[in-house]
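Chain and residue survey
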Amino acid sequence: MGLFLFKRLITLVATLVGTSIVVFLVLEILPGNAAQILMGPDAPPETVQALAQKLGLDRPAVERYFSWIGGLLMGDLGLSYAYSTPVGELVLERLTVTVPLAVLAMVLTTVLALAAGIYAAAQHNKLGDVGIMGLTQLGIAIPNFWFAILLILLFSVHLGWFSAGGFPGWEEEGILGGLRALMLPALSLAVVQSAILARITRSAVLEVLREDFVRTARAKGVSRRGALWGHVLRNALIPVITVMGLQFAELLAGTIVVESVFYLPGLGRLIFQSISNRDLIVVRNCVMLLAAMVVIVNFIVDVLYAVIDPRVKASDI
């Protein structure tokens with residue numbers, strides 16, 4: 001296990017380094033000048049040049065890259081061009097919305113998907129199985145932003161159960177009020193992901209049900225339900241957990257559109273606004289943070305995979 005973790009850590013670090021290079025280069029080749037946008041189109045060239053020097057935009061790209069990486073390692077994310085505020089403060093403030101939203105969406109995804117997938121597998125080739133598979137196919141086809149609009153029309157406009165958008169804050173409304181404001185956005189994110197995960201859960205459970213050890217357990221008198229819960233689920237969870245990790249990473253990165261629909265002050269909306277303002281230092285750090293979250297989540301999934309399946313060895317990775 002020690003060698004396995006070491007190899008995974010080396011891969012994690014190498015992936016983060018490669019990601020940082022790609023993120024920096026992609027933002028470097030984007031058209032436009034941050035200093036010109038901040039000063040306005042009618043600003044004198046001398047003023048724009050002075051602001052560019054103040055922001056360090058006139059330095060060579062290699063120097064700015066290593067300066068950025070050094071700041072990340074020291075916990076200094078720099079100063080936002082548009083907000084004149086430390087980027088770290090902006091990011092931490094927005095993460096208090098984005099991370100709970102992604103976690104709530106993942107909880108809804110897991111509950112809906114596991115329940116639907118296990119039920120469909122237990123009702124294989126029966127009406128319940130056909131119905132669940134039809135619903136999951138529909139869920140996969142629905143764009144989450146379109147479903148978010150439908151949720152607003154139904155639960156906010158017609159029924160008035162939830163707010164149509166905005167976030168009251170954790171301090172003003174408390175945990176329950178904050179979760180209530182995030183419920184519709186989380187549900188709109190969870191629909192597509194739960195449909196995918198339900199189909200994978202069903203396939204994994206059916207595959208394990210056909211294994212010899214399950215037939216042996218049934219031959220010894222274990223009921224189908226007892227074999228399902230006592231023998232099948234642990235082995236079926238291996239591919240399910242792998243997909244869950246990838247989905248959580250996708251939820252973290254996929255909140256941009258939903259946060260815009262519900263007007264949530266999260267990380268995705270900050271990235272969108274910073275792109276419009278050409279605030280590249282904010283965009284760079286936010287994208288790198290999301291990439292780091294994805295890589296770390298995948299690392300955790302690999303560790304869980306090894307814990308659940310003892311057959312996994314360092315030589316297999």
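Check the entry above for the structure.
Here's a quick rundown of the structure. (Residues numbered from 1 in each chain as written. Predicted model: local features only at pLDDT ≥ 70, side-chain atom pairs only at ≥ 80, totals over all residues. Heavy atoms only, no water.)

Let us look at the overall build of the chain. A count of helices and strands for the chain gives 13 helices and zero strands. Helices (α) and strands (β) of the chain occur, in sequence order from the N terminus, as α-α-α-α-α-α-α-α-α-α-α-α-α. By the burial criterion, 43% of the 317 residues in the chain qualify as buried. Relative to all contacts within the chain whose residues are 6 or more apart in sequence, the contacts with residues 24 or more apart total 75%. Split by element, the accessible area of the chain, about 16900 Å² in all, is 67% carbon and sulfur. (Helix = DSSP H or I, 4+ residues; strand = E, 2+ residues; numbered from the N terminus. Buried < 20%, exposed > 50% of the residue type's maximum accessible area, 1.4 Å probe, protein only. Contact = heavy atoms within 4.5 Å. Areas by Shrake-Rupley, 256 points an atom, 1.4 Å probe, with all protein chains shown as cover.)

Turning our eyes to something else, we now look at empty space enclosed by the protein. Rolled over the atoms, a probe with the dimensions of a water molecule shows which regions are left empty. Overall, the coordinates contain one cavity of 30 Å³ or more when judged by the stated rule. Empty space within the largest cavity amounts to approximately 50 Å³. Phe-162, Ser-163, Gly-165, Gly-166, Arg-180, Ala-181, Leu-184, Phe-262 and Leu-264 are the residues that line the largest cavity. Taken together, the residues that form the lining of the largest cavity break down as five nonpolar, three polar and one charged. (1 Å grid on protein atoms, 1.4 Å probe; cavity = no way out; pocket = protein on both sides within 12 Å on 5 of 7 lines; lining within 4 Å. Points joined across faces, edges and corners; volume = space filled by probe spheres on them. Nonpolar A, V, L, I, M, F, W, Y, C, P; charged D, E, K, R; others polar.)

What follows deals with the nonpolar core. Across soluble globular proteins, nonpolar side chains show a tendency to be buried alongside one another. Grouped together as the largest cluster of nonpolar side chains are 57 residues, with contacts concentrated most on Leu-182, Phe-262, Leu-264, Leu-267, Val-282 and Cys-286. It is helix α5 (residues 87-122) that provides the largest number of residues to this core, a total of 14 residues. With residues near it in sequence (within four places) discarded, Phe-262 still touches Ala-148, Ile-152, Ala-164, Gly-165, Gly-166, Leu-184, Pro-185 and Ser-188. Counting five residues, the second-largest nonpolar core is a separate cluster that includes Phe-24, Trp-68, Ile-69 and Met-288. (Core = buried A, V, L, I, M, F, W, Y, C linked by side-chain atoms within 4.5 Å.)

It is worth spelling out the side chain of Ser-20 at this point. Tracing the backbone through its elements, the reader meets Ser-20 in helix α1 (residues 2-28). The class for Ser-20 is buried, based on a relative accessible area of 2%. With residues near it in sequence (within four places) discarded, Ser-20 still touches Tyr-65, Trp-68, Ile-69 and Met-288.

On to the packing of α5 against helix α6 (residues 127-141). At a minimum axis distance of 7 Å, the contact between α5 and α6 shows a crossing angle of 145 degrees. Here the hand of the crossing between α5 and α6 comes out left-handed. Judged by residue contacts, Ala-116, Tyr-119 and Ala-120 of α5 engage Gly-128, Asp-129, Ile-132 and Met-133 from α6. Looking at side-chain class alone, the contact of α5 with α6 contains five nonpolar, one polar and one charged residues. (Axes fitted to C-alpha atoms, helices over the stretch in contact; angles between N-to-C directions. Left-handed = near helix turned anticlockwise from the far one by under 90°.)

The next subject is the pattern of salt bridges. It is possible for side chains bearing opposite charge to pair when their charged atoms get close. Evaluation of the coordinates by the stated rule reveals one salt bridge. Across the salt bridge formed by Arg-202 and Asp-129, the nearest N and O atoms sit 2.7 Å from each other. Residue Arg-202 is located in helix α8 (residues 170-209), and its partner Asp-129 is located in helix α6; the two are separated by 73 residues in the primary sequence. The residues Arg-202 and Asp-129 share a single accessibility class, namely buried. (Salt bridge = Lys/Arg side-chain N within 4 Å of Asp/Glu carboxyl O.)

On the secondary structure map, Glu-250 appears in helix α10 (residues 224-253). Sequence separation between Glu-250 and Leu-189 is 61 residues, and the spatial gap between their C-alpha atoms is 9.9 Å.

Following the sequence through the fold, Leu-246 ends up in helix α10. Accessibility expressed as a relative area gives 48% for Leu-246, which makes it partly exposed. Taking the C-alpha atoms as reference points, Leu-246 and Val-295, 49 residues apart in sequence, are found 9.5 Å from one another.

Once that is clear, we can look at the packing of aromatic side chains. Per the counting criterion, the structure on display carries six aromatic pairs. Consider the rings of Phe-24 and Trp-68, whose centres lie 6.2 Å apart with planes at 20 degrees: the pair is stacked. Here the residue Phe-24 occupies a position in helix α1, and Trp-68 occupies one in helix α4 (residues 61-74), the gap between them amounting to 44 residues. This pair shows no difference in class: Phe-24 is buried, exactly as Trp-68 is. Taking the centre distance of 5.3 Å and the plane angle of 75 degrees together, the rings of Tyr-65 and Phe-66 count as edge-to-face. Tyr-65 gets classed as buried once you look at its relative accessible area, which sits at 13%. For Phe-66, a relative accessible area of 56% translates into the label exposed. Here the aromatic cluster, defined as three or more aromatic residues joined through ring pairs, consists of Phe-24, Tyr-65, Phe-66 and Trp-68. (Phe/Tyr/Trp six-rings, centres within 6.5 Å; stacked < 30°, edge-to-face > 60°.)

Once that is clear, we can look at the layout of surface pockets. Its volume calculated, the second largest pocket comes out at about 470 Å³. Lining of the second largest pocket is provided by 18 residues; of these, Leu-16, Leu-72, Leu-73, Met-288 and Ala-292 occupy positions nearest its centre. Elements supplying a minimum of two residues to the lining of the second largest pocket: α1, α4, α5 and α13 (280-308).

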